[in-house]
Each structure stands twice: as C-alpha cells, then as structure tokens.
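Fold and geometry: a report
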Amino acid sequence: MQRRRHLSLSLSLTFCLAVGLIFIASGSADNTSKKSAAKNVTFSKDIAPIFFKNCAECHRPGESAPFSTLSYKDLRPWVKSIREKVANRTMPPWHADSHFGEFKNNRTLSQSEIDQILAWVDGGAVEGNPKDLPEAPKFVDGWNIGNPDLVIPIPEEYTYKVGADEYQYFDVDTNFKEDKYVVMAEARPSNRKIVHHIIAFIIPPGSANMAKMNTEQRFKAMEAALKTSPFYRDGYLLRVKSDQPVIDDGCGEKSPRGGGGDQFLTGYAPGRNADVLEEGVGKRIPAGSIIRFQVHYSNQTLGGNEVEKDRSMVGLVFAKEPPKKLMMTNSIGNIFFKIPAGADNHRVTACRTLRRDTTIYALMPHMHLRGKAMEYKVFYPDGKSETLLNVPNYDFAWQTNYVLKEPKRLPKGAKIMVTAYFDNSTKNKFNPDPTKDVRYGEPTYDEMMLGFMDFVTEFPTVAQIDPKVLDSYAGKYEVRPNVFANVTREGNSLFVQLPLQAKMEFLPMSEAKFFLKYNDVDLTFVKNDKGEVAEAVLEGSINARAKRTNEVANAGSGQ
C-alpha cells in the first residue's frame, strides 16, 4: 500500500481537493491492480509449494492438524482461518527468537511467502491449473521417518477413564542379540485425544522389568524407591514433597542438580519433530535392553464418564554399521523451585558445567501451563558468553525440539545456564489456579523446569590402572539412607550395581576418576586423612555423594 502524505494545513482548499482527487484515483487504480495481481496467485502454482514445504508434515491425513494442505479441496473451507493464522504468525508455529541461533527445522514463513498467501486469499483463493501443482511430498502412512525397520508398540491397549492425569509405564523386551544403533526414531500415540506425551527410554539389560510385575508390586517398588527421595506418589503421579527446600537459583555453588537421565530414546508431544540424526551419529541400544514407555494420559475436556483406548508405539530406523558418534539426550533442570501464587514473571535457573568437550545438536525447553519463556546461554572458560536459544513466548501446546543448523561444539569447562520464567497470575489464561503456590510435579497443574538437549560427548582415553588400586574401591556405598550401591572390579573396569538397576561399567581416566561407558557421567573416589577410601562422588545429570560402609564386599572380584 502507498503511504498517505500529510498535507500541510496552510495549503489552499482547492489544492487540497485537487491532490485528494488525484490520490483517490491513483489509490483506486492501485487497488484494482493489486486485486488483479492477487487473482494471478493460484494454489496450484504459488501456494501449494509453500504449504508442502512448511505445513504438510502436520497438515495431512492421519496427523493431528484439522485439515490437509495436500489437497485444494480439503483446505478451501479453511482459507479465512489460514489467512488469520498466517498474518499474525501463529502458523506455522515457531517460538524461537530469530536473533539467536539458526535452526534446521525452522518453520517460519518469509515475509514474501506471507504476502503471497494473503494475496491469494484476498483474491478469492483461486485453485488455478492443476497441471501447475508440484509433486506432493511423500509420506509413509503413519510415519514421518519413512518405513521403520522396527515398530515397538506397548504390550496391549491401555484403557483410560477420561479426567485425572495419569503417567503410565510399559516395559517391552527388545530381544536384541546384538547392540543396535538408531539413526531415526519416532514415537506415536494411537489416540491423540488422550495422549499428552510419550517418552521412550532405553533400559539396559539387568534392570527390573515392570512387565513382570503386577500393579501392587510396581507400587511397592515405587514406594521403596521414593522413601528417601524428594518425591511422593499421588495416584499415578510423582510430585515434589511440600517440605523440600525451595531453590529457585539452581546455579548456586551448592545447588542440587535435577534433570533427566541419559537413556532417552525418543519422544512425542504436540509440535515435536521425529528424531532424524545427522550422518555418522546414532543412539545405542545395548543387546538385551528393554524399551520403557512413559505415557502421559490427560484430557479434562471430554468429560469424566468417557473411556478411551490407546496403544502407543515407537518406530526405529537402524544404522547399517556402528556410527562414529553416540548421541545422548538429557536435561538441565531444577526440581526444587516454588512459584508464588500470583507471580507473573517468576525466574528459575539451572546450570551444568561440561566435564569434557561436547557438541550440541538440539535444544528443547519443557515447562507446563505456567511456562512463559526459556533461554539457554553458554559461558565459556575465557569469560565470553553466547545465547544458544531464546524462546520468549513459550507455548505448552508446541513442544518444539530446536535442531541447530550447525552443531555447536563447546569446550570442557563451559557452563550452560537455562533460565525459565513462569506466569502464575490471573493474566495467564491457561493458569489452572493463580491462588496456589506451584512446585515441580508430573501433572500439568504442577510445573516442570527442564532444558533438554541432544549432544555428543568426546570420551577421554582409558587409563590402565593397577588392579590392587581398583580392588581398593570395591565395597558398599550408601547412596541414600539404607540404599546401597555395590562396587566390584572386572578387569580394568569398575562395575556399580544399584537395587533393581542394571550394572554400570565405569572406565578409568586416572587412579581416582572414572567415566561411565557410553555416557556423560563421572565417578570419583575420595580418600580421608588416613588415605582410606571414604566416599564416591557421582557427577552427571544428577549429582550424588555416597559414603563407604565398613563392609567391603566382593573386593578383588576381578580376574
């Protein structure tokens, strides 16, 4: 549109009228030409390529979007809504600040693409010549990763009575006879009305298999595990105990670290892409592993009397040979925060200092309904800093995994700081209850503060250590009151066994420091003034200190 010139009040009325008539005439001609140009914009030639590239992944048959953009007939009734959502940039959904980082999966439309779509709708949303239609993107029915090499469903259909949130866990044996390396993975619900999210974990061989426990046994095992933890069980949900300390600044020197473990395989949530890894990168599933599904069932809108069924699944594509780099996924998080009632911009932080050179591939903020914004910032050892990702308008309905256009290599000693802001006020239209303080918990009416990241760690060289030194570390260590880890030696490795968990193999970096094989976790043994081994310190997604007991079990167990 032409900009109207401000006419000086001192000009004569005649001159004003003359200029006005000329302006009206030229404006009228301009509008006519624009309408004419708009009519030349057609779906087949101009709009379909935009929709195919930016929208069809979700807007196609069998997906969550309400209509398909692959067909003019299917989308024609929606053009007014399309115009509105495109004009205000609600669609395609993308919430990252463009000033920080470049991302491979950026769905944002360019201004010229937006202008074309608006002109097309304003010109009557003409179909055009079907011969001009480009070839539609090809999708395998039900999958975004093509035909999976293996599909793993939960053991049987789960029946959910609509209403209260439930976190359900399902274990499935892989029966893999050898290690497998995943290069593409996708989790899918069979009933999107009730599945808020799915997380599939890799549970290594030797771990407790919940598929072999009944409900009572599961609850007993959970209660035993939670007895000395910060959490309690509320029905099918875990929530932080109200008497836990409040720590909003998770970056303090003595702040406990929270976050997820390193066994994340893939996940589903509204707006999250399938996992397609770079060439030469894969995720390892050890032979004999279990895939553990965590499925969050939630729907308060359908009414409490309805019953729905779901059989969620994961699809996997395997590498033809072991990749050079192993990817891990875990989170930098804070579980001890408290958001005061009515607070409209409550700040919570969490930090992690990298123990070795690490390459970041993707970042995914996760909060619940009070989540407002999240930022990832890295502080380098030389004092410089850089923002990796800023999401100023977080949207719980779109759990985007922001995949870096170029992976970011960070040096050992760099500190990643995740800062989250929460709106627990009446201004937040999604707020379940602004009159209540809010703490960490699994249900959507509680909150989470987790900054997920996909990364590759550069593992250190394995040192050869005197077997007598390794034997001196064997024994029992009290991880929590009356919960013990058993440390044994096998060859040049130390193995740590926790109750109901698989053995963990730690390889030596030095006489006192070890790293978990295939994982970004360190184990350090600390001696007292007498030179005796007094405790073991675990550093990873969660930090822990375990005191050695007087009982020395399995010393010298290696051959």
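The present account deals with the structure reproduced in this document. All of these numbers come straight from a predicted model, not from anything done at the bench. (Residues numbered from 1 in each chain as written. Predicted model: local features only at pLDDT ≥ 70, side-chain atom pairs only at ≥ 80, totals over all residues. Heavy atoms only, no water.)

Brief notes about the environment of Pro270
The line we're drawing: Helix numbers and strand numbers start at the N terminus; a helix is a DSSP run of H or I with at least 4 residues, a strand a run of E with at least 2. Note on classification: 1.4 Å probe, protein chains only; a residue is buried when its accessible area is under 20% of the maximum for its type, exposed when over 50%, partly exposed between these limits. What makes two residues a contact is simply this: any of their non-hydrogen atoms within 4.5 Å.
Inspection of the secondary structure puts Pro270 in the loop between strand E9 (264-268) and strand E10 (275-276). Relative accessible area serves as the criterion here: at 27%, Pro270 is assigned to the partly exposed category. For the pair Pro270 and Gln399, spaced 129 residues apart in sequence, the C-alpha separation works out to 5.8 Å. When sequence neighbours within four positions are dropped, the list of residues in contact with Pro270 reads His196, Ala397, Trp398 and Gln399.

What about empty space enclosed by the protein?
The test is simple: A pocket, in this scheme, is an open set of points on a 1 Å grid over the protein atoms alone with protein on both sides within 12 Å along at least 5 of 7 lines, while a cavity is a set where a 1.4 Å probe fits but cannot get out; residues line either one if an atom lies within 4 Å of a point. Grid points are joined across faces, edges and corners, and a volume is the space filled by probe spheres set on the points. Charged residues are taken to be Asp, Glu, Lys and Arg, nonpolar residues to be Ala, Val, Leu, Ile, Met, Phe, Trp, Tyr, Cys and Pro, and polar residues to be all remaining types, Gly included.
For the structure shown, the criterion picks out three cavities of 30 Å³ or more. Space inside the largest cavity adds up to approximately 50 Å³. Forming the boundary of the largest cavity are His95, Pro365, Val391, Tyr394, Asp395, Trp398, Gln399, Thr400 and Tyr402. Considered class by class, the residues forming the lining of the largest cavity number five nonpolar, three polar and one charged. Looking at the second largest cavity, its volume works out to about 40 Å³. Lining the second largest cavity, in full, are Phe264, Arg272, Thr329, Ala362, Met364, Asn401, Phe452, Met453 and Asp454. At the level of secondary structure, the elements contributing two or more residues to the lining of the second largest cavity comprise strand E18 (358-366) and strand E24 (450-457).

Notes on the packing of helix H2 (residues 43-54) against helix H5 (residues 111-122)
Operational definition: Convention adopted: a line fitted to C-alpha atoms gives each axis, helices being fitted over their contacting stretch, and angles between N-to-C directions are expressed from 0 to 180 degrees. When describing relative orientation, an angle under 35 degrees is termed roughly parallel and one over 145 degrees roughly antiparallel, while 65 to 115 degrees is termed roughly perpendicular and anything else oblique. Each crossing is labelled by how the near helix is turned from the far one, with a counterclockwise turn of less than a right angle marking it left-handed and a clockwise turn marking it right-handed.
Running from N to C, H2 and H5 point in directions that differ by 130°, and their axes come no closer than 11 Å. As judged from the angle between their axes, H2 and H5 are oblique. Both H2 and H5 take part in a crossing whose hand is left-handed. Of H5, the residues touching H2 (which contributes Phe43, Asp46, Ile47, Ile50, Phe51, Lys53 and Asn54) are Glu113, Gln116, Ile117 and Trp120. The class makeup of the residues in the contact of H2 with H5 is six nonpolar, two polar and three charged.

Thoughts on the side chain of Thr400
Mapping Thr400 onto the fold places it in the loop between strand E20 (385-391) and strand E21 (402-410). Those residues within four positions of Thr400 in sequence are excluded, and the remaining contacts are Trp94, Asn105, Arg107, Gly271, Leu363, Met364 and Pro365.

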